[in-house]
Amino acid sequence: MKKEIIIHSAINEVRVAITEDGELAEYFIELPNKERYIGSIYYGKVSKILHGINAAFIDIGLHQDAFLHFSDVEENLEMNVITEEDDDETIELEENSEEAETEETAQETDQVPEEIEPAAIPEKSKHIKSKYNPKNVKLAKFKTKRSGEVTINLKEGQWILVQIVREAYANKGVKVTSKIAIPGRYVVLLPKDELIGVSRKIASFQERKRLRSTAKKFLPKGAGCIIRTASRGKIEDELKRDWEELLTIWSEVETKMKNTVKPGNVYMDMQLANSIVRDLFTPNVQRVILDSKKLYNELNNYIKRVSPHLENRVELYTGKNGIFEDFGVDKELAKTYKRRVNLHSGGDIMIEHTEAMTVVDVNSGKSVERDQERNAFKTNMEAMRETAKQIRLRDLGGMIIIDFIDMGDENNRKKLFAEMKKEMSRDRAKTVIYPVSQLGLMQITRQRINQNISEKLTESCPTCKGSGRVTSKAVLINEIDRWLKNFRRSSTEFRLILNVHSTIADYITSGTWTIISKLMIKYFARIKVQQSDSVAIDQFKFYSVRQQKDITGEYL
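Residues numbered from 1 in each chain as written. Predicted model: local features only at pLDDT ≥ 70, side-chain atom pairs only at ≥ 80, totals over all residues. Heavy atoms only, no water.

### Points about helix H4 (residues 293-306)
Then comes step 1: With 14 residues, H4 extends 20 Å from end C-alpha to end C-alpha; this agrees with the ideal 20 Å at 1.5 Å per step.
Then comes step 2: Of the residues making up H4, those classed as buried are Leu295, Tyr296, Leu299, Asn300, Tyr302, Ile303 and Val306. Looking straight down H4, one finds its buried side chains confined to an arc of 165°; they lie on one side. Within H4, the exposed residues directed more than 90 degrees away from the buried face are Lys293 and Lys294.
Then comes step 3: Contact partners of the buried residues in H4: strand E1 (3-9), helix H2 (236-259), helix H3 (272-280), strand E21 (285-290) and strand E22 (314-316). (Helix = DSSP H or I, 4+ residues; strand = E, 2+ residues; numbered from the N terminus. Expected span 1.5 Å × (residues − 1). Buried < 20%, exposed > 50% of the residue type's maximum accessible area, 1.4 Å probe, protein only. Arc of directions from axis to C-beta. Contact = heavy atoms within 4.5 Å.)

### Considerations on the packing of aromatic side chains
Then comes step 1: Across all of its chains, the model carries 9 aromatic pairs by this definition.
Then comes step 2: Relative to Tyr555, the ring of Trp483 lies with its centre 5.5 Å away and its plane at 85°, an arrangement referred to as edge-to-face. With Trp483 in helix H10 (residues 473-490) and Tyr555 in the segment after strand E32 (549-550), the pair connects residues that are 72 residues apart, well separated along the chain.
Then comes step 3: Judged by relative accessible area, which is 12%, Tyr555 ranks as buried.
Then comes step 4: On the numbers, 5.4 Å between centres and 55° between planes, the contact of Phe494 with Phe524 is tilted. Within this pair, whereas Phe494 is found in the loop between H10 and strand E29 (495-500), its partner Phe524 is found in the loop between helix H12 (515-523) and strand E30 (526-531), the two being separated by 30 residues in sequence.
Then comes step 5: Here Phe494 falls in the partly exposed class, since its relative accessible area comes to 38%.
Then comes step 6: Ring pairing ties together the aromatic residues Trp483, Phe487, Phe540, Phe542 and Tyr555, which thus form one cluster.
Then comes step 7: Sitting over the ring of Tyr507, Lys473 keeps its end group 5.9 Å from the ring centre. (Phe/Tyr/Trp six-rings, centres within 6.5 Å; stacked < 30°, edge-to-face > 60°. Lys NZ or Arg CZ within 6 Å of the ring centre and 35° of its normal.)

### A short note on unusual backbone geometry
Excluding glycine, a negative phi dihedral is what most residues carry, and trans is how most peptide bonds are arranged.
Then comes step 1: For Asp21, which is not glycine, the phi torsion reads 55° and is therefore positive.
Then comes step 2: When you line up the elements, Asp21 lands in the loop between strand E2 (14-20) and strand E3 (23-30).
Then comes step 3: Residue classification places Asp21 among the exposed positions, given a relative accessible area of 52%.
Then comes step 4: With a phi close to 50°, Phe524 is a non-glycine residue in the positive phi region.
Then comes step 5: The exposure class assigned to Phe524 is exposed, which follows from its relative accessible area of 63%.

Here's what the structure looks like:
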């Protein structure tokens, strides 16, 4: 597969497109009014603990408190309760001390992107017992299948270091973890965890063993790391340089923590273009091409330092038409802004967003197959591939429901399910796909990390408040009628001025027997209609000629 990273830099934005075999596969954008928080570290205070939802809210200095689920609390803050009757006041604190040496055990982490996620699980632990009386202070508790009941050592007002793992969206704040991970080019530093994990994509047992041995030489006591796929085959000096940079960053974080007097940021992750190159510019990427000379020099210097063998794959775009236009990205991006996406067969998919989920409706076009089942299967397969593509492009997260065209053949539903799993296997976000039901519904849950494209590039309409629909003309006329009724009950004024949107003004003044004429006769008032585009299409304003003021609010 031919993979390319295309970067466009403008005065107030940076856009990154990743193409696979010439087709747009992923899209990222950084805007000045949409600050990127993913990966940044904050030192904050626990503002509230809610036992009912197994979570705490952390004041990190942003306009909204961060959400910390108990499952995202580091092990140093977890205490497994000992249930022996003769020692019911002792609580056991588990601390990982050795990394796994076998290939069979593996876990996944969602703290950092791409190849970082496969890591080894520590097989052994040392137990540090500390005396603690849970009767004096009520601590939060959390149940897990693996560890049973775990007591979380958090109190309101407590200072805690957290890292953002999911951007804010809708009315929800950012999500954080206290399991800190600082990514580098070859390794991810885990400053508060002693495990050493290796990417599962490094298959060679000897190479995995070599990389673990190298890590032990450079990691300080109490720290661990995840060794990324890019480390494969790298000499010790290259890896050492990466560790030293990450340890310097961690040292700076600790210094800032000591000097912090109020919640705030202590580490900001790289800007978008730099982080994409750091995390995704692997040997299977044919080239990185960008149109900013300043950014080109920055990235080139970085690549020279960390991966000099990839230096010749970084190119500066010198065309005149625009980098996204020349590579066909703009044409593909146009689809991501639309609710309706057309299919080659003549059908289409409709993508609707709610706060809780995204719904995709598959519609058949002009049928070319006489057999209904065959036509439904063909359209569904095309819609499935386009939906998988749009999920990645738009970065849709949470629950996704796809309403396919009904198919009676169970084998066709199984084929559709298998192909969707295959299409989504290239997605870096964690995704769970469920089989197609008899009603033709497929449910997908996808890890939400960033705001989706719609949330980044659009704002809620001030008129319809994001619903996509506004009050009908008939309803607005009824509201004006009620206002005049209330007005006539308590006022003897005769002359009024009605300000409405131009669309409404045309509607109530058109025809032989106009709506405004009927209202004037009904309420014995002379009403002058004025067009005003500053008035929303679902609003109206009444002015008193005698008092020379807006009296709308007095008679609602």
